[in-house]
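# Structure assessment
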Amino acid sequence: MLRELKEEIASGSAEEVISALLERVKRSKLNAYNALAEESALARARKFDGSPWAGRMAGIPIAIKDSISTRGIETTCSSRILQGYIPPYDAHVIERLKAEGAIIIGKTNMDEFCMGTSTETSCFGPTRNPWDTERVPGGSSGGSAAAVAAGEASCALGSDTGGSIRCPASFCGIVGMKPTYGLVSRYGLISYANSLEQIGPLASTVEDAALVLEVIAGHDPRDSTSAKTEGGYLDGLEDGVRGMVCGVPKEYFGEGVDDSVERSVWDAISVLEDLGASWREVSLPHTKYALAAYYIIAMSEASSNLARFDGLRYGLRVGTDKDWHTTFSEIRAAGFGPEVKRRILLGTYALSAGYYGRYYLKALKVRTLIKEDFQRAFQDVDVLVTPTMPFPAFRIGERIQDLLSLYMADVFTVPINLAGVPAISLPCGFAGGLPVGLQIVGDHFAEKTVFRASRAYEDATPHHAARPQEVI
Amino acid sequence: MEGEVIIGLEVHVQLNKLNSKLFCGCSTDYHDDDPNTHTCPVCLGLPGTLPVINKKAVEYAIRVALALNCVVQEETLFYRKNYYYPDLPKAFQITQYDYPLGLGGHILIKGEDGERVVRINRVHMEEDPGRLVHAGTIDRAKYTMVDYNRCGMALLEVVTEPDLRSPKEARAFLDKLRSILDYLDVFDGDLEGAMRVDSNLSLAGGDRAEVKNISGHKGVEKALNYEITRQKNVRRRGMKVVLETRHYDELRGVTVSMRTKEEAHDYRYFPEPDLVPMRIADWVPRVQEELPELPDAKRDRFRTQYGITDDHAKSLTSEIKVANFYERVAGKAPPKLAAVWVADVLKGELNYRDLSIENFHEDQMVEILKMLEREAITEKGAVEVVRQILDEGGSPAEIVKAMGLGKAEDDAVRVAVRAAVAECGPAVEDYRGGNEKAINFIVGQVMKKTRGRADPGEANRLVKEAIEEL
Ligand SMILES: [Zn+2]
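Residues numbered from 1 in each chain as written. Chains lettered and ligands numbered in written order. Predicted model: local features only at pLDDT ≥ 70, side-chain atom pairs only at ≥ 80, totals over all residues. Heavy atoms only, no water.

What follows is about the overall build of chain A. Looking only at helices and strands, chain A has 15 helices and eleven strands in total. The C-alpha radius of gyration computed for chain A amounts to 21 Å, which stays within 12% of the reference 23 Å derived for 472 residues, consistent with globular compactness. Considered along the principal axes of its C-alpha atoms, chain A spans approximately 70 × 65 × 45 Å. Burial analysis of chain A (472 residues in total) assigns 64% to the buried set. Accessible area for chain A stands at about 16,300 Å²; split by element, carbon and sulfur atoms hold 51% of it. Taking the average location of the 48 positive side-chain charges in chain A and that of its 58 negative ones, the two points are 5 Å from each other. (Helix = DSSP H or I, 4+ residues; strand = E, 2+ residues; numbered from the N terminus. Rg over C-alpha atoms; globule rule 2.2 N^0.38 Å. Buried < 20%, exposed > 50% of the residue type's maximum accessible area, 1.4 Å probe, protein only. Areas by Shrake-Rupley, 256 points an atom, 1.4 Å probe, with all protein chains shown as cover. Lys, Arg positive; Asp, Glu negative; His and termini not counted. Charge placed at Lys NZ, Arg CZ, Asp CG, Glu CD.)

Broken down by element type, chain B carries 15 helices and 16 strands. Against the 2.2 N^0.38 benchmark of 23 Å for 470 residues, chain B shows a C-alpha radius of gyration of 30 Å, more extended than a compact globule. Dimensions of chain B along its principal axes, counting C-alpha atoms only, are 105 × 55 × 45 Å. Relative to its full complement of 470 residues, chain B shows a buried share of 51%. Once local pairs closer than 6 in sequence are excluded, the contacts in chain B between residues at least 24 apart make up 68%. Accessible surface, chain B: about 22,500 Å² in total, of which carbon and sulfur atoms supply 48%. (Contact = heavy atoms within 4.5 Å.)

In this complex, chain B contributes 31 residues to the contact, which on the side of chain A involves 37 residues. For the pair chain B and chain A, the summed buried area comes to about 2,700 Å², and 59% of that belongs to carbon and sulfur atoms. It is Pro47(B), Tyr84(B) and Arg268(B) that lose the most area in chain B upon contact with chain A, and together they represent 25% of the buried surface on that side. Run the count over chain B and chain A and you get one salt bridge. A salt bridge links Asp274(B) to Arg186(A), with the nearest nitrogen and oxygen atoms 3.0 Å apart. One can count 15 residue pairs in polar contact (both at pLDDT 80 or more) joining chain B with chain A. Per-class residue counts for the side of chain B that touches chain A are 21 nonpolar, four polar and six charged. (Buried area = accessible area lost by both parts, 1.4 Å probe. Salt bridge = Lys/Arg side-chain N within 4 Å of Asp/Glu carboxyl O. Polar contact = N/O pair within 3.5 Å; in protein donor to acceptor, adjacent residues only side chain to side chain. Nonpolar A, V, L, I, M, F, W, Y, C, P; charged D, E, K, R; others polar.)

Another point: unusual backbone geometry. The residue after Gly139(A), namely Ser140(A), is reached through a cis peptide bond having omega 10 degrees. Considering the arrangement of structural elements, one finds Ser140(A) in the loop between β3 (103–108) and α5 (142–149). Located in the positive-phi region is Cys77(A), a residue other than glycine, with phi close to 55 degrees. By the secondary structure assignment, Cys77(A) is in the loop between β2 (61–65) and α4 (92–99). What makes Cys77(A) buried here is its relative accessible area of 0%. Despite not being glycine, Arg268(B) has its phi angle at roughly 45 degrees, a positive value. With respect to the secondary-structure elements, Arg268(B) resides in the loop between β14 (254–260) and β15 (270–271).

On to the coordination of the zinc ion, then. Residue and element names in this part refer to chain B. Here the zinc ion is held by the protein donor atoms Cys-24 (SG), Cys-26 (SG), Cys-40 (SG) and Cys-43 (SG), which lie 2.3 to 2.4 Å from it. Relative to the metal, the four donor atoms surrounding the zinc ion lie at angles of 101 to 115 degrees, and the coordination shape comes out tetrahedral. Here the donor residues for the zinc ion map to a single chain with the spacing C-x1-C-x13-C-x2-C. Taken together, the residues span a long stretch of sequence, with Cys-24 in the loop between β1 (5–14) and α1 (55–67) and Cys-43 in the loop between β1 and α1 at a distance of 19 residues. As far as burial versus exposure is concerned, Cys-24 and Cys-43 are alike and both buried. (Donors = N, O, S within 2.8 Å, 3.2 Å for Na, K, Ca; no water. Tetrahedral: all angles 85-135°; square planar, octahedral: opposite > 155°, others 65-115°.)

What follows concerns the environment of Leu157(A). Residue and element names in this part refer to chain A. Assignment of secondary structure puts Leu-157 in strand β4 (residues 155–160). The buried category is assigned to Leu-157, whose relative accessible area is 0%. Leu-157 sits 46 residues away from Ala-203 along the chain, and the two C-alpha atoms are 8.7 Å apart.

This next bit is on a negative patch on the surface. There is a patch of like negative charges on the surface, built from Asp29(B), Asp32(B), Asp33(B) and Asp34(B). Mapped onto the secondary structure, Asp34(B) falls in the loop between β1 and α1. (Patch = residues over 30% accessible without salt bridge, like charges linked within 9 Å, V, L, I, M, F, W, Y side chains within 5 Å.)

Most of helix α7 (residues 206–216) of chain A sits out of view: eleven of its eleven residues are buried. Gly218(A) sits one or two positions beyond α7(A) and adopts a positive phi of about 120 degrees.

Below, the discussion takes up the pairing of strand β10 (residues 154–160) of chain B. All names here are of chain B. Where burial is concerned, most of β10 is hidden: seven out of the seven residues are buried. Burial along β10 is two-sided: the residues Ala-154, Leu-156, Val-158 and Thr-160 and Leu-155, Glu-157 and Val-159 are all buried. For β1 and β10, the ladder comprises five bridges, and the chain directions are antiparallel. The residue bridging Glu-10 from the neighbouring strand is Val-159, located in β10. Relative to β10, strand β7 (residues 114–127) is paired through seven bridges, and the arrangement is antiparallel. (Pairing = 2+ DSSP bridges.)

Our next topic: the sheet that holds strand β8 (residues 278–282) of chain A. Residue and element names in this part refer to chain A. Sheet architecture is open: eleven strands sit in the order β1-β3-β2-β4-β6-β5-β10-β11-β9-β7-β8, paired in mixed fashion. A single partner strand is all that each edge strand has here, and the edge strands are β1 (33–36) and β8. Each adjacent strand pair in this sheet contributes to an overall mean axis angle of 30 degrees, direction not counted. For strand β7 (residues 245–249) and β8, the ladder comprises five bridges, and the chain directions are parallel. Each residue of the ladder has a partner; that of Pro-249, found in β8, is Val-282. (Axes fitted to C-alpha atoms, helices over the stretch in contact; angles between N-to-C directions.)

Mean pLDDT over chain B stands at 91; residues scoring 70 or higher make up 96%. Interface predicted TM-score (ipTM) for the complex: 0.96; the corresponding pTM is 0.89. (pLDDT = per-residue confidence, 0-100.)

What follows deals with the pattern of salt bridges. Tallying each qualifying case throughout the model produces 66 salt bridges over all chains. Residue Arg461(B) is joined to Glu458(B) by a salt bridge in which the shortest nitrogen-to-oxygen separation is 2.9 Å. Residue Arg461(B) and its partner Glu458(B) are both found in helix α15 (residues 456–469); the two are separated by three residues, about one turn of the helix. The exposure class assigned to Glu458(B) is partly exposed, which follows from its relative accessible area of 31%. Residues joined in a network through salt bridges with shared partners are Arg3(A), Glu207(A), Glu238(A), Arg455(A) and Asp459(A).

Residue and element names in this part refer to chain A. Between helix α8 (residues 259–274) and helix α15 (residues 447–460), the least distance of the axes is 10 Å, while the angle of their chain directions is 100 degrees. Here α8 lies roughly perpendicular to α15, going by the angle between them. Contacts between α8 and α15 involve Ala-268, Val-271 and Leu-272 from the former and Ala-453, Tyr-457 and Ala-460 from the latter. Among the residues forming the contact of α8 with α15, the class breakdown is six nonpolar, no polar and no charged. (Parallel < 35°, antiparallel > 145°, perpendicular 65-115°, else oblique.)

Glancing now at the nonpolar core. Counting residues in hydrophobic clusters, the biggest one holds 159 residues, and the most contacted among them are Met57(A), Ile62(A), Leu97(A), Phe113(A), Leu157(A), Phe374(A) and Phe451(A). Here this core gets nine residues from one element, more than from any other, and that element is helix α9 (residues 290–305) of chain A. For Phe451(A), the contacting residues outside a window of four places in its chain are Met177(A), Val206(A), Ala209(A), Ala210(A), Leu213(A), Tyr233(A), Leu237(A) and Ile424(A). Judged by nonpolar contacts, the second largest core, of 106 residues, contains Ala57(B), Ala65(B), Leu294(B) and Ala339(B). (Core = buried A, V, L, I, M, F, W, Y, C linked by side-chain atoms within 4.5 Å.)

Quick look at the structure:
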């Protein structure tokens, strides 16, 4: 689709495409965007129309999750505490997008500091699911996913700490890819849990996702965890799955998973089989410890990452002329929402002397075991096929009061972040009119294999073409 | 032993000879610039920024660790030390904490009773916080400003075992450490904040007090002396010294309680996920090989090679620039004489003027030493020449001439001329008889008597004068 859009823009007008998109956003009730970069986007589009530039994404509009720093565009992580913060620099991925000619149209809504599975913890209010506006779009990159699904963006960037790209992709019926840890530079991504998260694409098709990843991936000396990789994600995309071995982890099915979701995933496995792949059951025995380990690690890192927000140099300012301790305490009290405060407190507790060994160190050990689970599995199989989420999108307000059930929703996505491997979520059907997501997981840096399997599945099924009605 | 003093030091050394900070590309050359002009998104801790280790800083740290006889770890590992303070824009400091680069070293110092081995517990890297500038004094300021120019500078923390037994030994340790760092070319000790010291002091059997953030070696000695008196007084009054952190008030010369350990911070250390461990084991042999001759070795060599006293050797080797200066002079002038004049005279005159050795050229010293050797100037005159060079500039010869310090030299040549003319009767007769060349023999005799230090042209003129006067 991006390929067609690029041709349309090249032969027509970027300004027209982008103003139409912006109009669509402005009349929308989804609340997918925190801020539109209307002026700069249109200016850039006019410039492009005047003298078009080359580039893999020349003239293509893209939406950016509000956790990614954009020079000159307010970047808030959907938190009051960052209100008014305008980064003086671009994230690495933004530099890459601009270098390939893309046009940034705005910043999308998200759970505050990526802490959530529903985009309900945003200080700007929840984003609505375009398939059913009473339901959540998933999270934390809910704005990006809803925008792509509703045609309010041609593609988008999200960030995925424990499922934050794949979950909303699944709930909104689009493609979302979390790359291998280290594939995409995190420079400019506002950290929530920095040992777990990656920036990745949300798009309408596998090919679009591969194109965006091709643009943003690659070594960046400003991120010490960034790897040197070769790219080429669009090469061999259509080579099919003949001879590919799919692993079906038994821990990802059964109790807690909606029947309709399980059925869709098994249908998908049959499709892959029809296309020439084989499948076998595998075991990831430490899956049951993943959620606990994930939340301890993520909250611990968050308690440190979010400590810098004191209102001293940027962001929210409340109260006046008190001593520094009082001032920053008041700013943090007013600036952070309840979920963020909860995670900071729990993380602080987990890292405290006397508890560090019992929680954080233990969580790191579990993480190693989970990594080993995946390593073992990938000795026998090329990809793993699982549900992305155990159920389709839930109602706004339905789970936010029952945190444990909300945390439980991440059960199939967080092990992937703990292991650092790549995974994609693809539309694989509907349950009660709501999209269901299929998760395909690859070994470290095996993005090409994941894309190849995904594209084969996509070509054989109609799900990705389904689009919701415009919500006005 | 009752009342025995036990001191351990934690010395923060800023690696200010690096071109850039520890985790970003900002320049380290901020000392003469306005506040907050040497900053970037990384050292300001802006959201989304990440640290990247400065490899040169790691190499410098390895150099120091090896020079302090530490064992260097196989890889680097960094932790986050979490605490809130306005000079710390990320609200955590990146430090090696539990995984110091160097472990278990030692150095030799001049102790109260002879040489003493001071054990080094560890050497680790960390980033410097920014600098708070109070509007007024720390307890009365209405507001405080922050300067982040210093923020992110590479620091080394050198921690000793509690092996020091007096404030004087503490100072000797710091002098020695500074000397070694000077040799390693990793820091400029004259820059503000280059070396900051935290010290722990206890009297045997008692709890220790930590005195934080003392600058200057003299300051350390004074602060510790005050602390000993204070702790003794506490005991005398029948009370116990409490475990606490104290601040040294330089103006009043006293230490003031900052906080007791009940309020001690829990820094919630955990490994920094943004920095991957870097393997350095392969670097160590090369760095070891490239280590320069260190002060102790140089001192021993100077003693044997130049036959100078140990005191001179020590004085000449405490600063690498002085040591190099001395060696250049000793190559062209008598080494023992050079030792006296560099160590005792020149260093003293430089100190008095707060000048460094770069203000004096080795050839000037050589020239002065040669004049002294041929007794062309007196010692007093030579000191004058040194002072004059430092204060007004100029060459020794010019100064000698201008200040009339060179009289002795003329006399020596004239004495030699008179003696030669008296001794060389036949040659004098030949010359008078019209054989111009005969004068060369007499001039040769003058040169011999002055051991070649007379100017031949001048000697020729003086010999002719002397013959005419006969
Ligand atoms: Zn910087």
